[in-house]
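# Summary of structural features
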Amino acid sequence: MQPNGALPRIPVIWGSDAVHGHNNVVGATLFPHNIGLGAARNPDLIRRIGEATAIEMRVTGLDWTFAPTLAVVRDDRWGRTYEGFGESPEIAAAYAAPLIEGLQGKIGDKDWLRGPHIIATAKHFLGDGGTRNGKDQGDTEIDEAGLRDLFSPPYLPALDAGVQSVMVSFSGWNGAKMHGNKSLLTGVVKKRWNFDGFLVGDWNGHGQVAGCTVTNCPQSAIAGLDMYMAPDSWRELYQTTLTQAQDGTLPIERLDDAVRRILRVKVRAGLFEAGKPSSRAYAGRYELLGSAEHRALAREAVRQSLVLLKNANGLLPLKPGGHILVAGDGADNLTKQTGGWTLSWQGTGTLRSDFPNAQSIWEGIEATVKAAGGTATLSAEGGYTHRPDAAIVVFGEDPYAEFQGDRPDVGYDDAKNLALLRTLKAAGVPTVAVFLSGRAMWVNPFLNASDAFVAAWLPGSEGGGVADVLFGKTDFRGKLA
């Protein structure tokens, strides 16, 4: 009881899409998106990224991240390809436990889910990377053995590591939406796998279940969903759910189970005694948001994620003491460099001033070359007055997220930057192409027009990591995932 005799209130849990660092907050460290981290093949790196992300979320008072995405991406036309670690279940399975332990801490430790740690979410259960034609929120057409062997393996180490929430996928399996699939949500996750945390929905995903609307869907709760995600439909959904609990449409045993699971996680995370968010450990310590230590970790992650696809005549590493031309619309463009899920849902509409603790690829190159006594010139259009010793052209996909990034094919088409590469080649200028993308794409014309070609994915806030590898401070080590 509280001092005034009132019953204690149940604390709110607050989740956020911190999917490549605390990416909704200005000044936070932005790590490479998962497709780049998959290329790094380094579970220890993933653990440290989880730890840094958790601390930066705690600075702003948050408890819970909707990450990691454990999708096994089988069709790169999917607009969420960059949220997955690769097309092989082995990569995500190797990363699941280290990343979750980085975010949550280790089961049994005093700071598990507390202090510098937060609650993690394994998502999106199940098969979201295998939908037909790569359609987001689409249907995964595969037999049960294929669903089990290809898409479920990363969830097992995630549960063993103690992940406390699992997010249900928008997608369906052989025509049945996951938000209503009792055999998988209850039969597999809760009963067969003994998961004792809670299942959370995706944004109004329950409304896609047959017979449901976003404000009326007992089917999802009956199937095993414990927490609806209803950001703009919750008021009416609450009323209909209350009525269904009262008239027996929603069995009280199922409601009790959902409440018990959510309360269990809140108790484990110490939320009942934690006090208001601003009073908790790390809250308001803004020096930790985009700290030098976290940025150095992100820069290391960039270095490890880059994949060298071509290096004719050993052009790379470049000599920083020469005259370097830096061109392309991605060279000094943090909006493009950081991709979707960055300050806005689509990652669009941002300005350079929105990234106070970041470094563009151009800024990283300029600093490296200047430190070596060379000169670097930025010209997005590729113009120059003095012939450069080498040119670096940075280009690629514009930001997108979720279904807005779905494509009919993966052929990259960019006439302007292709013409720039061909112009430099015709002039005999040794040229390095640095390609920014959230997926593997067909880029043969660009490969042919370049002397060296680097897949840089979506590297985040630390463009200096690209410069480190281009100029030989570290070797290329990334592998296509």
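Below is a short write-up of the structure. (Residues numbered from 1 in each chain as written. Predicted model: local features only at pLDDT ≥ 70, side-chain atom pairs only at ≥ 80, totals over all residues. Heavy atoms only, no water.)

### Concerning the packing of aromatic side chains
Each pair of aromatic rings is reported with the distance of its centres and the angle of its planes. Quick note on the threshold: Note on aromatic pairs: the rings of Phe, Tyr and Trp (six-membered ring only in Trp) are paired at centre separations within 6.5 Å, and the planes decide the class, stacked below 30 degrees, edge-to-face beyond 60, tilted for the rest. Secondary structure elements follow DSSP: runs of H or I no shorter than four residues count as helices, runs of E no shorter than two count as strands, and numbering proceeds from the N terminus. Residue exposure (1.4 Å probe, protein chains only): buried if accessible area is under 20% of the type maximum, exposed if over 50%, otherwise partly exposed.
One pass over the structure, following the stated rule, counts 13 aromatic pairs. Measuring from centroid to centroid gives 5.4 Å for W64 and F198, while their planes differ by 75°, and the two rings are edge-to-face. Residue W64 is located in strand β2 (residues 64–65), and its partner F198 is located in strand β8 (residues 198–200); the two are separated by 134 residues in the primary sequence. This pair shows no difference in class: W64 is buried, exactly as F198 is. Taking 5.7 Å as the distance between ring centres and 65° as the angle between the ring planes, the aromatic pair formed by W345 and F403 counts as edge-to-face.

### Details of the state of the cysteines
Rules: By definition, disulfides here are pairs of cysteine sulfur atoms that lie within 2.5 Å.
Evaluated as defined, the whole model comprises one disulfide. Across the disulfide from C212 sits C217; the S-S distance is 2.2 Å. Here C212 and C217 share a disulfide; its torsion about the S-S bond, 65°, makes the bridge right-handed. With respect to class, C212 is no different from C217; both count as buried.

### Topic: the side chain of D136
The test is simple: Charge counting treats Lys and Arg as positive and Asp and Glu as negative, with His and both chain ends excluded. The term salt bridge refers to a side-chain nitrogen of Lys or Arg lying within 4 Å of a carboxyl oxygen of Asp or Glu. Within 3.5 Å is the distance limit for a polar contact, defined as a pair of N or O atoms, with the added protein rule that one can donate a hydrogen and the other accept it, and that residues adjacent in sequence qualify only through two side-chain atoms. Here, two residues are considered to be in contact whenever any of their heavy atoms come within 4.5 Å of each other.
In this fold, D136 is placed in the loop between β3 (121–125) and β4 (139–140). The side chain of D136 sits in the buried core without any salt bridge; R80 is the nearest counter-charge, 4.6 Å away. There is a polar contact of 3.1 Å between the side chain of D136 and the backbone nitrogen of F403. Excluding anything up to four places from it in sequence, D136 contacts W78, R80, E402, F403 and D406.

### Some words on unusual backbone geometry
Looking along the chain, the bond that leaves F125 and enters L126 is cis, with omega of 5°. For L126, the position within the fold is in the loop between β3 and β4. Note that the residue after L316, namely P317, is joined by a cis bond; omega there is 5°. Locating P317 in the fold gives a position in the loop between β9 (307–311) and β10 (323–327). Positioned with a positive phi, N194 is a non-glycine residue whose angle comes to about 60°. Within the secondary structure layout, N194 lies in the loop between α6 (182–192) and β8.

### Describing helix α2 (residues 43–59)
Where we set the bar: One fewer than the residue count of a helix, multiplied by 1.5 Å, yields its expected span.
For α2, with 17 residues, the first-to-last C-alpha span of 25 Å sits near the 24 Å given by 1.5 Å per residue. Counting buried positions along α2 gives twelve out of 17 residues, so the element sits mostly inside the fold. Of all the residues in α2, the buried ones are L45, I46, I49, G50, A52, T53, A54, I55, E56, M57, R58 and V59.

### Here we look at the pairing of strand β5 (residues 165–168)
Applicable threshold: Strands are labelled as partners when DSSP assigns at least two bridges between them.
Residues of β5 alternate between two faces, with S165 and M167 on one and V166 and V168 on the opposite face, all of them buried. One ladder, built from three bridges, connects β3 with β5; its direction is parallel. The residue bridging T121 from the neighbouring strand is S165, located in β5. Bridge count between β5 and β8: three bridges; the pairing is parallel. Across the sheet, the residue bridging to S165 is F198, located in β8.

### What about the side chain of R439?
Along the chain, R439 turns up in the loop between β13 (431–436) and α14 (444–448). A distance of 3.2 Å separates the side chain of R439 from the backbone oxygen of R77, its partner in a polar contact. Side-chain polar atoms of R439 contact the backbone oxygen of W78, separated by 3.2 Å. The residues touching R439, leaving out its near neighbours within four places in the chain, are I35, D76, R77, W78, G79, T81, E397, Y400, G405, R407, V410 and W457.

### A short note on the pattern of salt bridges
The tally for this structure, following the rule as stated, stands at 28 salt bridges. K123 serves as the salt-bridge partner of D17, at 3.6 Å between the closest nitrogen and oxygen. Highlighted residues: D17 in the loop between β1 (15–16) and α1 (34–40) and K123 in strand β3, separated in sequence by 106 residues. The class of K123 is buried, set by a relative accessible area of 1%. The partner of R114 in a salt bridge is E273, and the shortest N-O contact between them spans 3.3 Å. Here E273 lies in the loop between α9 (252–268) and α10 (292–305) and R114 lies in the loop between α3 (89–104) and β3, a separation of 159 residues in the sequence.

### Examining the sheet that holds β3
Across a sheet, paired strands are connected by hydrogen bonds in the backbone, their directions being either parallel or antiparallel. Rule in force here: Helix axes are fitted only over the stretch in contact, all axes being lines through C-alpha atoms; the angle between N-to-C directions runs from 0 to 180 degrees.
Across the sheet, three strands lie side by side as β3-β5-β8; this open sheet has parallel pairing. Two strands in the sheet have a free side with no partner beyond their single neighbour: β3 and β8. Pairwise comparison of adjacent strand axes, ignoring direction, gives a mean angle of 30° for this sheet.

### What to know about helix α4 (residues 144–151)
Threshold: This arc is taken over the directions from the axis of the helix to the C-beta atoms.
Of the residues making up α4, those classed as buried are G146, L147 and F151. Viewed end-on, α4 has its buried residues packed into an arc of 100°, placing them on one side of the element. Turned more than 90 degrees away from the buried face of α4 sit E144 and R148, all of them exposed.

### Description of the packing of α2 against α10
Defined as follows: When the near helix sits turned anticlockwise from the far one by under a right angle, the crossing is termed left-handed; a clockwise turn instead gives a right-handed crossing. Residue classes follow a fixed rule: Ala, Val, Leu, Ile, Met, Phe, Trp, Tyr, Cys and Pro count as nonpolar, while Asp, Glu, Lys and Arg count as charged, and any other residue, Gly among them, counts as polar.
The geometry of α2 relative to α10 is characterised by a closest axis approach of 10 Å and an angle of 145° between their N-to-C directions. In the crossing of α2 with α10, the sense of the turn from one axis to the other is left-handed. In this structure, α2 uses L45, R48, I49, A52, I55 and E56 to contact α10, whose residues at the interface are H294, L297, E300, A301 and Q304. A per-class count over the contact of α2 with α10 returns six nonpolar, two polar and three charged.

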